[in-house]
Amino acid sequence: GGGDAGLAEALLCLAARMPALLDVGSDLCRPLMQLLDWYLLHDAAGLLCGRLLAPRAGMLSALLEEAVRSSCADRRGTIAVAGAMHSLLVLAPAHAPLLERPLALVAQAVLQGPCEGQGEGYSELSLATFGGVAGRALLVAPSTFEAALSSAASALGVAEPLPAFCFAWLAVCDGMLLSSQRRLAALALAALLPLEPKALGCLEEVLSLCVSALADEEQPPPSPARSPPPEAVRAAFSHVLEPFDSLAAMPLRPALQRSLGVAQEAHGAAFGAAIARVDPALLEQVRAAFGTV
């Protein structure tokens, strides 16, 4: 009714002021991104009448781009801005193109690697979080992922961005603290394998991650008290997103089997040669997990 329309108008007016608030200081990045999470959720639920994204695509793209930069030295900020990008990809994947420029910065950070102990820069934990955003984009908005990765590679002079991204993301996988992060990484990295023959160079690491993700599925979920505090806040909101999240509902084992099968068909003998180089002990675990490869 009229009251709902009035509330929607008031909330949308507030949303328009987000960039000005971020200009006040980078310490506002995290609360702004958490506010954006709830805006996206309520827009998807109809409270904002679907009026948040289309009319404000440019503003939101610029806001997220600046938020990525602002979160550089703050892991909590990184988790928050990555979370807001996840929320958009979950709740409004048709609007994923507005993430192209922020995702290009995310991909560029992952390709450059961690800067711990070298002054200002992203930590391994932050880059693992960013890798997950890029991975979700690959799975739900591949053209946006490809454009963002191409832009990042051009900025850095990287000639073969897909295998470089695979290796860079795998290099920070120890920073994935939650089973949901490992699950998403396994899905995305397995889906990357068929796209580029040189990505087979990281086949062993991808298979190891797949085995770990499948083992996670057999464990009871951790209690909220056991999750690290910044990740726990995001995990709580992710739980709210689950009914909207097609990837969370996707059975893991069949999805990984499909991706590996497509990679085998795409690369033929090269895939067989890559499998032959996998550590025999890991290969036994893979066969136990999948039946065969």
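Bear in mind the structure is a predicted one, so any value in this text is a computation, not a measurement.

Rules used throughout
- Residues numbered from 1 in each chain as written.
- Predicted model: local features only at pLDDT ≥ 70, side-chain atom pairs only at ≥ 80, totals over all residues.
- Heavy atoms only, no water.
- Helix = DSSP H or I, 4+ residues; strand = E, 2+ residues; numbered from the N terminus.
- Buried < 20%, exposed > 50% of the residue type's maximum accessible area, 1.4 Å probe, protein only.
- Contact = heavy atoms within 4.5 Å.
- Areas by Shrake-Rupley, 256 points an atom, 1.4 Å probe, with all protein chains shown as cover.
- Disulfide = S-S within 2.5 Å.
- Phe/Tyr/Trp six-rings, centres within 6.5 Å; stacked < 30°, edge-to-face > 60°.
- 1 Å grid on protein atoms, 1.4 Å probe; cavity = no way out; pocket = protein on both sides within 12 Å on 5 of 7 lines; lining within 4 Å.
- Points joined across faces, edges and corners; volume = space filled by probe spheres on them.
- Nonpolar A, V, L, I, M, F, W, Y, C, P; charged D, E, K, R; others polar.
- Core = buried A, V, L, I, M, F, W, Y, C linked by side-chain atoms within 4.5 Å.
- pLDDT = per-residue confidence, 0-100.
- Salt bridge = Lys/Arg side-chain N within 4 Å of Asp/Glu carboxyl O.
- Arc of directions from axis to C-beta.

Draft legend 1. View of the overall build of the chain. A count of helical and extended segments in the chain gives 16 helices and 0 strands. When the 293 residues of the chain are sorted by exposure, 48% land in the buried category. Counted over contacts in the chain with a minimum sequence separation of 6, partners at least 24 positions apart contribute 76%. Carbon and sulfur atoms make up 56% of the accessible area of the chain, which amounts to about 13100 Å² in all.

Draft legend 2. Summary view of the state of the cysteines. Within this structure, the stated rule accounts for 0 disulfides. Here Cys166 is not disulfide-linked; the sulfur of Cys202 is the nearest cysteine sulfur, at 4.3 Å.

Draft legend 3. Summary view of the packing of aromatic side chains. On inspection of all chains with the given rule, the structure shows 3 aromatic pairs. Aromatic side chains Phe145 and Phe165 sit 5.8 Å apart centroid to centroid with 75° between the ring planes, which places their arrangement in the edge-to-face category. Pair noted here: Phe145 is in helix α8 (residues 142-156) and Phe165 is in helix α9 (residues 161-171), with a separation of 20 residues, a long-range link. Like Phe145, the residue Phe165 is buried in the burial classification. On the numbers, 5.8 Å between centres and 50° between planes, the contact of Phe165 with Trp169 is tilted. Separated by 4 residues within a single helix, Phe165 and Trp169 lie in helix α9, roughly one turn from each other.

Draft legend 4. The layout of surface pockets, seen in detail. One number sums up the size of the second largest pocket: a volume of about 180 Å³. Residue assignment for the lining of the second largest pocket shows that the elements contributing at least two residues are α10 (179-192) and α14 (252-267). For the lining of the second largest pocket, the element with the most residues is α14, which contributes 5 residues. Each residue belonging to the lining of the second largest pocket can be placed in one class, and the counts come to 10 nonpolar, 1 polar and 1 charged.

Draft legend 5. The arrangement of the nonpolar core in detail. Among the nonpolar cores identified, the biggest contains 94 residues, and Met33, Leu36 and Phe130 are the most heavily contacted of them. It is helix α5 (residues 75-91) that provides the largest number of residues to this core, a total of 9 residues. In contact with Phe130, not counting residues within four places along its chain, are Val68, Ser71, Thr78, Val81, Ala82, Val106, Ala109, Val110 and Tyr122.

Draft legend 6. Fine view of the confidence of the model for the chain. The predicted model of the chain averages 84 in pLDDT, with 82% of residues at 70 or higher. Within the chain, helix α1 (residues 2-15) has the poorest average pLDDT of any element, 59, and α8 the best, 97.

Draft legend 7. Examining the pattern of salt bridges more closely. Enumeration over the complete set of coordinates arrives at 7 salt bridges. Measuring nitrogen to oxygen at the nearest pair gives 3.5 Å for the salt bridge that ties Glu65 to Arg69. Of this pair, Glu65 and Arg69 both sit in helix α4 (residues 57-70), 4 residues apart, roughly one helical turn. By relative accessible area, which is 10% here, Glu65 ends up buried. A salt bridge links Glu65 to Arg101; its shortest N-O distance comes to 3.4 Å. With Glu65 in helix α4 and Arg101 in helix α6 (residues 100-112), this residue pair connects regions lying 36 residues apart in the sequence. A cluster of three or more residues bridged by salt bridges with shared partners is formed by Glu65, Arg69 and Arg101.

Draft legend 8. View of the side chain of Gln181. Along the polypeptide, Gln181 turns up in helix α10. You can call Gln181 buried: its relative accessible area is 19%. With residues up to four places along the chain from it excluded, the contact list for Gln181 reads Thr129, Gly175 and Met176.

Draft legend 9. Looking closely at helix α15 (residues 269-276). Considered for burial, the residues of α15 that qualify are Phe271, Ala274 and Ile275. For α15, the angular spread of buried residues about the axis comes to 100°, placing them on one side. For α15, the exposed residues set more than 90 degrees away from the buried face come down to Ala269 and Ala276. On its buried face, α15 sits against α11 (203-217), α14 and α16 (280-290).

Draft legend 10. How the structure looks around the environment of Leu98. Relative to the helices and strands, Leu98 resides in the loop between α5 and α6. Accessibility expressed as a relative area gives 9% for Leu98, which makes it buried. Taking the C-alpha atoms as reference, Leu98 lies 9.0 Å from Leu53; in sequence the two are 45 residues apart. The residues contacting Leu98, other than those within four sequence positions of it, are Leu53, Ala57, Leu60, Ser61, Leu64 and Leu88.

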